[in-house]
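# Secondary and tertiary structure notes
Each chain, letter by letter, is given below.
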Amino acid sequence: MRIGTLKETYAADEALFDTRTQRIWLALFFLGLVLFPFTVGEYWLYIACLVAIHVISTTGLNILTGFTGLVSLGQAAFMGVGAYTVAVLEARLGTPTLLNILVAGFVTAGVGALVGLPSLRVKGLYLAMATIAASFILHFIFANWNSVTHGVSGINVPPAEVLGFEMARPVQLYWLIVPFAIVMVLAASNLFRTRIGRAFIAIRDRDISAEVLGIPLLRYKLMSFALSSFYAGVAGGLWAYFFRVVTPESFPFVYSIFFLAAVIVGGMGTILGGILGAVFMTLVPEVLKLAVGVLSPVLPDAVAILSPVRTIVFGALIVGFLVFEPHGLAEIWRRTRRFFHLWPFKT
Amino acid sequence: MSIHAPLLCVDAVSLSFGGLKALSGVTFDVAPNSITAVIGPNGAGKTSLFNCISGFYTPQQGAIRFAGEDITKTHPPHRAKIGLARTFQNIALFRGMTVLDNIKLGRHAHMRTNLLDALLYWGRAQKEEVELRAEIEERVIDFLEINHIRNQPVASLAYGLRKRVELARALAMRPKILMLDEPVAGMNREETEDMARFILDVKEEWGVTILMVEHDMGMVMDISDHVVVLNFGTVIARGLPGEVTQNPDVIRAYLGGTDVEALQRRIQGREAA
């Protein structure tokens with residue numbers, strides 16, 4: 001139980017992690033992340049890298065959709081822009097990995113800002129339609145701009161190389177992807193402690209009064225699009241190094257829906273929600289796959305029977321979340337924390 | 001009336017929506033450090049006038065000057081920056097945020113943190129945020145007596161408190177002129193008196209000029225220095241509160257008759273008009 005927290009300065013009250021308990025848990029979590037590659041096999045490291053890439057992209061979409069209230073169904077296409085940027089840079093120029101990833105972020109940010117232009121005039125479903133249209137245009141470019149993207153055959157990407165270390169396998173890439181995810185999530189949390197993050201939320205909640213407070217709507221909406229796309233671009237760049245081949249089919253439209261679902265399941269408008277949503281959406285299919293594997297000795301036809309069931313269970317879980325916990329996993333987390341703070345006085 | 005140059009001049013402003021004339025040739029001045037009330041029956045054009053001054057509507061004719069600058073065609077964010085703040089009739093707070101974050105947003109236009117600072121939360125961003133917090137706590141939150149709700153989400157607050165938070169947010173803008181759209185509508189007697197006290201204190205302690213639209217005649221007569229009466233989009237009277245209530249046009253607009261006694265009874269009876 002915690003009675004209260006004593007703070008003596010405003011700076012202490014504005015801190016991101018403001019209690020000692022929180023800092024201890026955080027330190028343990030980071031320790032766990034460091035020890036993780038030494039304790040599990042290749043398969044789980046592969047999953048961990050994929051989760052980290054999804055966390056980056058989901059956090060980006062959360063900035064745009066969850067915090068700024070602009071629904072986008074183009075996140076996968078933006079990731080594609082990032083992935084192609086990295087692939088082309090590697091194939092043509094052979095520039096260093098870290099630089100490529102950053103360039104991928106900036107190029108995608110530019111594309112995102114362009115796609116965001118209609119957002120001053122259209123909102124909600126109409127904006128979602130506009131982003132769908134943009135993502136089909138991007139997909140068309142990936143498939144048909146043969147001289148750059150090599151059309152449907154795609155581009156092979158050489159392994160990442162940082163400070164002379166070649167990173168080809170998940171066990172190595174883990175040390176590139178996870179730090180990126182951590183830094184970008186922390187940066188997003190910082191953003192919402194300052195005037196810019198507050199302006200995003202203000203636009204979501206009531207754009208008219210945001211304008212009266214001196215927030216230029218178009219500039220901030222474009223900034224949100226650009227930032228969100230920067231996250232997608234970096235995630236796409238890492239994706240390219242992770243899967244090592246980029247084709248137009250790598251970033252299907254359904255992948256954008258995956259990210260939107262992750263934001264909603266995790267909790268719109270909370271940083272934690274983006275993380276939890278990405279983890280949930282990536283892990284649950286894997287866990288269900290494992291469950292099928294465990295059952296197969298008992299039921300001889302398990303794979304044949306349960307594989308379709310797996311998809312249904314996954315879908316049902318998402319619907320269940322929308323109905324019973326509209327504020328997402330982040331809200332469940334918050335309630336659990338409150339329970340332990342108040343225990344044993346109120347349950 | 002003040003000997004100073006007016007802070008805000010509304011000069012022959014006309015606004016129409018298609019064939020509907022919302023405002024025609026509205027002219028009045030707001031003297032610095034005064035409380036000016038705009039009154040009038042429903043549909044008289046009070047809110048349209050406010051929307052012209054804060055930049056949502058651009059009048060077809062006429063000009064609006066603020067501290068000597070013609071702001072008729074500037075965008076709302078620019079007006080916020082030069083010191084125009086307003087509240088809304090149907091509270092326009094950000095429901096998903098805490099009281100503290102709502103108030104912090106008031107200072108948006110005066111802060112400098114850019115995107116990179118914000119992502120890193122280093123140097124300027126941190127310094128600015130902590131200074132802002134201190135200023136808001138010590139000047140705004142203490143002043144409006146809302147310490148106990150500062151960390152609550154706005155959505156959970158009672159109506160009267162929300163109105164107060166909206167005033168707090170407007171004050172955080174460090175305005176030169178504060179425009180209040182029906183600051184006490186829907187409030188009970190006690191809340192109304194609190195709000196009247198805050199408005200007077202804002203004028204006295206902060207030196208802020210106030211322009212308000214209000215239906216509560218009792219409060220208007222008690223605290224305003226100058227009253228402008230609108231009816232069907234035109235100014236039918238203006239002057240000191242006492243003069244305006246004697247004006248037969250005003251009485252006709254409000255009561256549909258010429259019964260001065262009845263209007264005065266209403267004002268003394270503190271009934272909402």
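Now for a look at the structure at hand. (Residues numbered from 1 in each chain as written. Chains lettered and ligands numbered in written order. Predicted model: local features only at pLDDT ≥ 70, side-chain atom pairs only at ≥ 80, totals over all residues. Heavy atoms only, no water.)

Okay, the overall build of chain A next. Helix and strand counts for chain A come out as 15 helices and four strands. The globule rule puts the C-alpha radius of gyration for 347 residues at 20 Å, and the 21 Å found for chain A is close to it. Over its C-alpha atoms, taken along the principal directions, chain A stretches across nearly 65 × 60 × 45 Å. Counting the 347 residues in chain A, one finds 50% classified as buried. Approximately 16500 Å² of chain A is accessible, and the part contributed by carbon and sulfur atoms is 72%. (Helix = DSSP H or I, 4+ residues; strand = E, 2+ residues; numbered from the N terminus. Rg over C-alpha atoms; globule rule 2.2 N^0.38 Å. Buried < 20%, exposed > 50% of the residue type's maximum accessible area, 1.4 Å probe, protein only. Areas by Shrake-Rupley, 256 points an atom, 1.4 Å probe, with all protein chains shown as cover.)

Residues and elements named next belong to chain B. With five of five residues buried, strand β8 (residues 209-213) is to be regarded as a mostly interior element. Here β8 shows a buried face lined by T209, L211 and V213 and a second buried face lined by I210 and M212. In terms of strand pairing, strand β7 (residues 177-181) meets β8 through five bridges, oriented parallel. Among the inter-strand pairings, L178 is bridged to a residue of β8, identified as I210. (Pairing = 2+ DSSP bridges.)

The subject of this paragraph is the pattern of salt bridges. Residue and element names in this part refer to chain B. On inspection of all chains with the given rule, the structure shows 26 salt bridges over all chains. In this structure, R86 and D181 form a salt bridge, with 3.5 Å as the shortest nitrogen-oxygen distance. One end of the pair, R86, is in strand β6 (residues 84-86); the other, D181, is in strand β7, with 95 residues separating them in the sequence. Assessed through its relative accessible area of 4%, R86 is described here as buried. Two residues, E166 and R169, come together in a salt bridge whose shortest N-O distance is 3.9 Å. Of this pair, E166 and R169 both sit in helix α6 (residues 159-172), three residues apart, which is roughly one turn of the helix. (Salt bridge = Lys/Arg side-chain N within 4 Å of Asp/Glu carboxyl O.)

Moving on to the sheet that holds strand β2 (residues 20-30) of chain B. Residue and element names in this part refer to chain B. Read across the open sheet, the four strands follow the order β2-β1-β4-β5; overall the sheet is antiparallel. Of all strands in the sheet, those bounded by a partner on one side alone are β2 and β5 (69-70). One ladder, built from seven bridges, connects strand β1 (residues 8-17) with β2; its direction is antiparallel. Looking at β2, one finds that F17 is bridged to L20.

For the rest of this paragraph, the subject is the interface of chain B and chain A. With 39 residues of chain B in contact, the opposing surface of chain A contributes 31 residues. Taking both partners together, chain B and chain A bury about 3100 Å²; carbon and sulfur atoms supply 65% of that area. Area buried by chain B at its contact with chain A is led by H108, L119 and Y121 of chain B, which between them contribute 21% of it. If you look at where chain B meets chain A, you find four salt bridges. Between R133 of chain B and E14 of chain A there is a salt bridge; the shortest N-O distance is 2.9 Å. Counting across the chain B and chain A interface gives 15 residue pairs in polar contact (both at pLDDT 80 or more). Of all elements in the fold, only α2 (76-81), α3 (99-105), α4 (115-120) and α5 (124-144) of chain B reach the threshold of two or more residues within the side of chain B that touches chain A. (Contact = heavy atoms within 4.5 Å. Buried area = accessible area lost by both parts, 1.4 Å probe. Polar contact = N/O pair within 3.5 Å; in protein donor to acceptor, adjacent residues only side chain to side chain.)

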